[in-house]
Amino acid sequence: MVSNSRYRLRFIVFTLIFATTGALALIFVSATNDPLLTVDQALSRSSKVVVSDTDKFTDTNHPDFTTFDARNAHIDGVVRSNADAYLVRVGHRNPSKQTAWIGGLVTSDVDRNFSWHRLKSDRDGAGIKFDAEDWWVIDGLRLDNTMDAIRPHVTGSDRQWEVRNTWAEYTRDDFIENDHTSAPGGRIHDTLVDGVFMFLSVGQNQTWDGDNPYHISNTIVDLKPMPYDSDEKTPYMEDAYGFDADRHGHLFKRYDSSDPPMYVSDTVFIVRQHAGRRDKTDGSTGKWLDVRQCHARLVPRQ
């Protein structure tokens with residue numbers, strides 16, 4: 001039993017500004033942190049689901065304006081295939097309006113030495129997949145040893161999401177995987193991403209419609225080299241490190257210049273390697289951010 005899994009993370013940091021060419025544009029300004037819903041507001045709702053210890057949690061039917069109170073829950077997933085690789089599903093196939101998830105510890109039993117390619121082929125899931133209408137909020141969640149940490153999905157007219165006071169350790173792929181969903185950009189703040197292959201993956205199979213951009217603030221992101229080896233010998237990941245070396249990917253993976261812009265403030269990115277090339281066989285230009293194309297400087301807070 002986890003006695004207190006709400007993590008209040010506060011950082012006194014500088015802002016790292018990255019500038020790059022091509023499809024990726026990063027704009028660095030002060031970001032608003034006015035919450036969509038405070039914790040007190042979330043816990044005082046009349047519709048509340050108390051989450052208990054379990055190996056998987058799936059919600060398929062809850063009223064609008066529901067809070068999931070997982071502050072004393074440990075969800076410790078047994079993962080053997082893609083079919084059971086989602087440890088928490090909220091609003092699965094039946095999203096409701098303005099949903100909140102508070103607290104909780106989400107872990108998996110996946111061997112930490114399995115390679116990225118092995119996990120991608122047969123254990124490709126997420127710590128939490130969140131479906132809601134209008135918006136959703138995660139506050140105080142801890143995740144450890146998941147493939148993706150969070151996969152957002154939002155429908156409706158408002159279309160926002162917010163991740164705050166969250167601690168994700170040893171995330172084997174993306175902290176936020178926003179490729180295959182209809183989610184717009186969202187807000188990530190007061191969060192520790194403590195070892196991740198790729199921080200934010202955006203827009204692989206979607207087009208941004210002008211809704212909310214990404215706001216990232218008061219956050220630490222550590223790209224951590226992890227087991228990667230591949231029988232496929234992916235050419236753009238080989239370069240100087242070799243196929244079998246532990247490695248990490250990119251901070252941001254974007255596929256189109258129309259993807260949501262990113263506003264970043266008071267955040268530290270720790271990048272330990274360059275992230276390889278995305279050279280396509282047809283010679284066209286890849287759209288991943290390669291840290292070798294970046295320039296960093298410290299900017300004092302105004």
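These figures come from a predicted structure and were not determined experimentally. In every chain, residue numbers begin from 1 and rise along the written sequence. Thresholds applied to this predicted model are a pLDDT of at least 70 for local features of residues and 80 or more for the giving and counting of side-chain atom pairs; totals over whole chains, interfaces and linings are not thresholded and use all residues. Side-chain calculation: all heavy atoms of the structure are included, whereas hydrogens and water are not.

### Some details on the overall build of the chain
Moving on, step 1. Working definition: helices are DSSP H or I runs of at least four residues, strands are E runs of at least two. Numbering for both runs from the N terminus. What the chain contains, in helices and strands, is two helices and 18 strands.
Moving on, step 2. Counting across all 302 residues of the chain, residues that qualify as buried make up 58%.
Moving on, step 3. Note on definitions: a residue-residue contact is assigned when non-hydrogen atoms from the two residues lie within 4.5 Å. Residue pairs at least 24 apart in sequence account for 76% of intrachain contacts in the chain once pairs closer than 6 positions are excluded. Three exposure classes are used, based on accessible area relative to the maximum for each residue type with a 1.4 Å probe and protein chains only: buried under 20%, partly exposed in between, and exposed over 50%.

### Some remarks on the packing of aromatic side chains
Moving on, step 1. Whether two aromatic rings pair depends on their centres lying within 6.5 Å, for rings of Phe, Tyr and Trp, where Trp uses its six-membered ring; planes under 30 degrees apart make the pair stacked, over 60 edge-to-face, and the rest tilted. Per the counting criterion, the structure on display carries 13 aromatic pairs.
Moving on, step 2. Considering the side-chain rings of Phe68 and Trp101, the 5.9 Å spacing of their centres and the 25 degrees angle between planes classify their relative orientation as stacked. One end of the pair, Phe68, is in strand β5 (residues 66-69); the other, Trp101, is in strand β8 (residues 97-102), with 33 residues separating them in the sequence.
Moving on, step 3. Given the relative accessible area of 1%, Phe68 is considered buried.
Moving on, step 4. The exposure class of Trp101 is buried, given its relative accessible area of 0%.
Moving on, step 5. Ring centres of Trp116 and Phe197 lie 5.6 Å apart, and the angle between their planes is 25 degrees; this geometry places the pair in the stacked category.

### Quick look at the environment of Tyr170
Moving on, step 1. Note that Tyr170 resides in strand β13 (residues 167-178).
Moving on, step 2. Classification of Tyr170 by relative accessible area gives buried; the value is 10%.
Moving on, step 3. The spacing of Tyr170 and Met226 is 56 residues in sequence and 8.6 Å in space, taken between C-alpha atoms.
Moving on, step 4. Pairs of N or O atoms are called polar contacts if they sit within 3.5 Å, as long as, within protein, a hydrogen donor faces a hydrogen acceptor (for residues adjacent in sequence, only side-chain-to-side-chain pairs). A distance of 2.7 Å separates a polar side-chain atom of Tyr170 from the backbone oxygen of Arg112.

### So, unusual backbone geometry
Working note: non-glycine residues mostly have negative phi, and peptide bonds are mostly trans.
Moving on, step 1. Unlike most non-glycine residues, Arg93 shows phi in positive territory, near 65 degrees.
Moving on, step 2. A positive phi is found at Asn218, a non-glycine position, where the angle reads about 50 degrees.

### Examining the environment of Asp131
Moving on, step 1. Along the polypeptide, Asp131 turns up in strand β10 (residues 126-139).
Moving on, step 2. A sequence separation of 33 residues divides Asp131 from Gln98, and the C-alpha atoms of the two residues are 10.0 Å apart.
Moving on, step 3. Apart from the residues lying within four places of it in its own chain, the contact partners of Asp131 are Val90, Gly91, Pro95 and His153.
Moving on, step 4. Engagement of the side chain of Asp131 in a polar contact is seen with the side chain of His153, the distance being 2.4 Å.

### Side note on the pattern of salt bridges
Moving on, step 1. Each salt bridge in this description consists of a side-chain nitrogen of Lys or Arg and a carboxyl oxygen of Asp or Glu lying within 4 Å of one another. Tallied over the full model, the rule gives 14 salt bridges.
Moving on, step 2. Three or more residues joined by partner-sharing salt bridges are found here, namely Lys120, Asp124, Asp148, Arg151, Asp173 and Glu177.

### Structural notes on the nonpolar core
The tendency in soluble globular proteins is for nonpolar side chains to be buried side by side.
Moving on, step 1. In plain words, nonpolar cores are sets of buried Ala, Val, Leu, Ile, Met, Phe, Trp, Tyr and Cys residues tied together by side-chain atoms within 4.5 Å. Grouped together as the largest cluster of nonpolar side chains are 51 residues, with contacts concentrated most on Trp101, Ile128, Trp136, Ile150, Phe175, Phe199 and Leu200.
Moving on, step 2. For this core, the secondary structure elements donating two or more residues are β7 (86-90), α2 (116-122), β10, β12 (148-164), β13, β14 (187-202), β15 (214-223) and β17 (262-270).
Moving on, step 3. Per-element tally for this core: the top contributor is β14, with eight residues.
Moving on, step 4. Beyond its immediate chain neighbours, meaning those up to four positions away, Ile128 contacts Val88, Val90, Trp101, Ile138, Leu141, Leu143, Ala149, Ile150 and Arg151.
Moving on, step 5. In terms of nonpolar packing, the next biggest core, distinct from the first, is built from nine residues, Leu36, Ala42, Leu43 and Ile102 among them.

### Section: the confidence of the model for the chain
Moving on, step 1. pLDDT gives the predictor's per-residue confidence on a scale running from 0 to 100. When pLDDT is averaged across the chain, the result is 77; 68% of the residues are at 70 or more.
Moving on, step 2. Within the model, pLDDT remains below 50 along residues 235-241, and this stretch shows 22 contacts once partners closer than five positions in the same chain are excluded.
Moving on, step 3. Taken as a whole, residues 276-302 scores under 50 in pLDDT and shows 63 contacts with residues more than four places along the chain or in a different chain.

### Section: the pairing of β13
Moving on, step 1. Burial analysis of β13 places twelve of its twelve residues in the buried class, the great majority of the element.
Moving on, step 2. Both strand β11 (residues 142-144) and β13 contribute to a ladder of three bridges, which runs parallel. Note that in β13 the partner of Asp144 across the bridge is Glu169.
Moving on, step 3. Across eight bridges, the pairing between β13 and β14 is parallel. Considered in β14, the bridge of Asn178 is made with Val202. One requirement defines pairing of two strands: DSSP has to find at least two bridges between them.

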